[in-house]
Amino acid sequence: SSSSPPTSTTTPPQRAKAKQLSDRKPVVSKEDQHQEETKRKRLSEVPISEVLKSKHAYRWVDPVIHIDHTIQIALVTAIEGGLSGMMVLDPTDQNHVVGLLTTRDLLRIMAAGVKEGDTPSSIFDRTVGDYMTPISQVIYGRPDETIGMARTLMAKLRIKCLPILSRDGQVEGLITARDMSDFGLSAKERGGKRAYLTDVSDRVGLSTNTSMAEPPTYLKAHLALEQKPLYLNVGEAGLPHPFKTSDGMAESRRDWNTRENTSEDSSLSEDAHFFTTVTLPDETDKELRKFTYMGVADGVGSWREYGVDPREFSHRLMLECQNVLEEAQAAATGQLGGATGDAGISNMVATEQQMPLVMMPPAQIMAQAYERIKLQNVIGSTTACVALFDGVRHQLHFSNLGDSGLIVLRHIDSDVAGALKRDRHTPRTERKSDLQVAFVSQQQLLSFNHPYQLGWTGDETSQSESKSFKEPRDSCTSSVHVRRGDIVVMATDGLFDNVDLDEIRTMALEWEQQHGFLRGGDVSSRDRRWAMGNSLTIQSQEHIADFAQSLVERARSNSLNSSMDSPFAILAKENDIMWSGGMPDDVTVLALHVVGRDPNDLHMDGTQF
């Protein structure tokens with residue numbers, strides 16, 4: 001009967017044979033490994049155009065969505081088309097590309113809506129144009145570039161979709177990591193008995209008693225601290241261009257004439273900065289919590305040629321960033337006063353207060369400050385980096401526009417960091433520490449020594465025609481998870497152009513050892529000290545400014561050294577520009593030390609903690 005349960009017709013000898021076959025372990029010979037490696041190398045040299053041809057020959061799906069379509073339409077389009085990303089088109093011109101929307105963007109939109117308590121229908125009714133990556137920020141590849149180049153680019157920038165742009169400005173298609181993997185496999189390699197026995201049969205199905213492994217031993221100490229808040233000690237330091245006076249700036253020591261000393265007056269610097277701790281409602285539970293914000297800006301000195309003080313724009317931007325935050329705090333705590341004295345600014349503040357009062361992301365702060373200084377008609381331009389430290393979630397959020405930025409230094413044991421992450425230049429027995437550069441923010445340049453800038457000319461027409469000026473939404477916005485003991489360096493390009501990242505790392509280690517945060521490079525003893533409640537927070541608070549000062553002094557020294565190959569000189573030569581020595585410039589550094597105790601805790605014993 002067809003309704004009867006199936007029964008096995010396999011005889012005992014057949015079952016025994018099947019068991020013998022299933023017990024065999026797949027053996028991959030060295031010859032097979034060599035062939036696979038050779039195949040990978042060949043694939044890495046294949047042009048992307050070949051991958052697109054193969055993809056489109058198998059199945060053509062137009063990867064597009066209209067700017068006025070809803071998120072619901074975008075979801076259906078992506079799922080039905082098997083798309084990881086879609087080019088966003090202007091409905092008035094079917095071929096006018098205005099942005100890019102990826103499935104990762106769609107997930108973020110839904111997650112944000114759920115977090116904000118929105119209904120599913122209100123989330124699905126949002127429009128694509130409000131959440132797409134604008135065309136000015138879309139990273140693209142070329143058809144004649146290779147698979148290897150595309151894979152490297154996508155890995156470096158952490159992107160899953162790469163539009164391929166022809167030389168005449170047309171998007172020929174989108175490439176994903178899966179497309180490149182599929183190109184290297186034939187239909188026979190993906191299907192059939194052999195493929196199943198080789199790739200699937202020994203790997204399919206988890207047993208009913210499968211469980212998750214315990215975290216690695218080297219992570220347990222950090223994970224034990226994950227539920228505890230972190231705090232920040234901040235040190236600041238800055239120096240002007242070494243040949244700067246109130247009357248202007250000399251381009252070289254020769255132009256500096258007979259003056260014996262370099263400039264030390266920080267008020268002459270076109271760099272600016274701020275840092276402040278404010279109380280704002282948490283975005284999740286709306287409870288008031290403390291958040292620390294900081295920023296640096298580097299005014300563009302060439303405005304001096306037009307009779308404009310280049311300090312004004314950068315300094316005012318940082319001041320308004322702080323004003324935005326302090327006014328948000330006052331509104332959140334019910335202490336906002338009357339008018340600011342400027343009717344335009346007062347109206348803008350009133351408009352800003354109508355927005356939901358929660359923790360403010362750096363890009364929003366930068367945008368509000370930028371609008372304020374345009375309203376004040378402050379002429380000039382600047383690069384800028386604004387960051388937010390969230391001690392409860394152990395996150396550092398930032399928005400960086402131009403060639404300022406930040407780096408994160410962290411102790412990562414090279415025995416567990418992996419071959420590509422460890423220090424490969426110094427033998428293990430000779431290493432004094434495993435302090436590594438864990439994160440470097442992305443910088444943005446139109447070309448060598450021509451960074452993105454926020455700017456204002458006083459005229460909307462010329463403003464829109466400028467290729468140098470960008471908007472806060474064009475900034476590189478990201479987040480990095482921080483740990484107790486991390487050292488974060490936020491600085492203008494005066495530091496990064498003159499001091500190599502490895503040199504900064506070495507100086508940070510010297511600072512740690514000098515003040516007892518690390519003894520003999522032994523991270524395990526530091527972890528034991530933390531477990532005993534001894535965080536040395538007061539010690540950190542008292543000396544973090546010393547580290548910032550040592551960095552600006554090293555940047556000054558290197559900038560005047562004509563015999564060294566500074567980071568600026570190396571990059572100049574890579575761009576066919578002859579340059580030797582350092583790059584004299586203003587320099588501003590904010591050094592941040594992540595600690596486990598609040599230095600303002602009145603119950604702490606300064607000698608112990």
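Keep in mind that this is a model prediction, so the values were computed, not measured.

Cut-offs used in this document
Residues numbered from 1 in each chain as written. Predicted model: local features only at pLDDT ≥ 70, side-chain atom pairs only at ≥ 80, totals over all residues. Heavy atoms only, no water. Buried < 20%, exposed > 50% of the residue type's maximum accessible area, 1.4 Å probe, protein only. Helix = DSSP H or I, 4+ residues; strand = E, 2+ residues; numbered from the N terminus. Pairing = 2+ DSSP bridges. Right-handed = clockwise from strand over helix to strand, strands pointing away. Phe/Tyr/Trp six-rings, centres within 6.5 Å; stacked < 30°, edge-to-face > 60°. Lys NZ or Arg CZ within 6 Å of the ring centre and 35° of its normal. Axes fitted to C-alpha atoms, helices over the stretch in contact; angles between N-to-C directions. Contact = heavy atoms within 4.5 Å. Disulfide = S-S within 2.5 Å.

### Some points on the pairing of strand β2 (residues 85–90)
Right, so step 1: Across the six residues that make up β2, a large majority, six, are buried.
Right, so step 2: Of the two faces of β2, both are covered, the one formed by G85, M87 and L89 as well as the one formed by M86, V88 and D90.
Right, so step 3: Bridging between strand β1 (residues 64–66) and β2 involves three bridges; their strand directions are parallel. If you follow H66 over to β2, its bridge partner there is L89.
Right, so step 4: Handedness of the β-α-β unit built from β1, helix α4 (residues 71–81) and β2 comes out right-handed.
Right, so step 5: Sheet analysis places β2 next to strand β3 (residues 93–102), joined by six bridges and oriented antiparallel. Within β3, the residue paired with M86 across the bridge is L101.

### Let's talk about the packing of aromatic side chains
Right, so step 1: With the rule as written, the count across this model stands at six aromatic pairs.
Right, so step 2: Between F398 and F439 the ring centres are 5.8 Å apart and the planes differ by 65 degrees, which places this aromatic pair in the edge-to-face class. On the criterion of sequence distance, the pair formed by F398 in strand β13 (residues 395–401) and F439 in strand β15 (residues 435–440) is long-range, its members being 41 residues apart. When sorted by exposure, F398 lands in the same class as F439, which is buried.
Right, so step 3: The rings of F448, F568 and W579 are connected pair by pair, giving a single aromatic cluster.
Right, so step 4: Between K470 and the ring centre of Y452, over which it is positioned, the NZ or CZ distance is 4.8 Å.

### As for the sheet that holds strand β20 (residues 487–491)
Right, so step 1: In spatial order, the strands read β7-β21-β20-β14-β15; together these five strands make up an open sheet with antiparallel pairing. Two strands in the sheet have a free side with no partner beyond their single neighbour: β7 (231–239) and β15. Here the average twist between neighbouring strands, direction ignored, is 20 degrees.
Right, so step 2: In the sheet, strand β14 (residues 405–411) pairs with β15 via five bridges, with the strands oriented antiparallel. Bridge pairing in β15 links V408 to F439.
Right, so step 3: The strands touched by helix α19 (residues 537–559) within the sheet are β7, β20 and β21 (587–595), with β7 carrying the most contacts at an inclination of about 30 degrees.

### Description of the sheet that holds β2
Right, so step 1: Reading across from one edge, β1-β2-β3-β4 is the order of the four strands in this open sheet, with mixed pairing throughout. Each edge of the sheet is formed by a strand with only one pairing partner; in this case those strands are β1 and β4 (133–134).
Right, so step 2: Its contacts with the sheet put helix α5 (residues 103–115) on β2, β3 and β4, and the angle it makes with β3 is roughly 65 degrees.

### Describing the state of the cysteines
Right, so step 1: Considering all chains together, one arrives at zero disulfides under this definition.
Right, so step 2: The thiol of C385 is not disulfide-bonded; the next cysteine sulfur, from C476, is found 9.1 Å away.

### Focus on the environment of K53
Right, so step 1: One can find K53 in helix α3 (residues 48–58).
Right, so step 2: With a relative accessible area of 55%, K53 lands in the exposed category.
Right, so step 3: It is 9.7 Å that separates the C-alpha atoms of K53 and G173, two residues lying 120 residues apart in sequence.

### Comments concerning the pairing of β3
Right, so step 1: Between the end of β2 and the start of β3, which pair antiparallel, lie two residues.
Right, so step 2: As judged from the two bridges shared by β3 and β4, these two strands associate in the antiparallel manner. Of the residues in β4, the one forming a bridge with L100 is T133.

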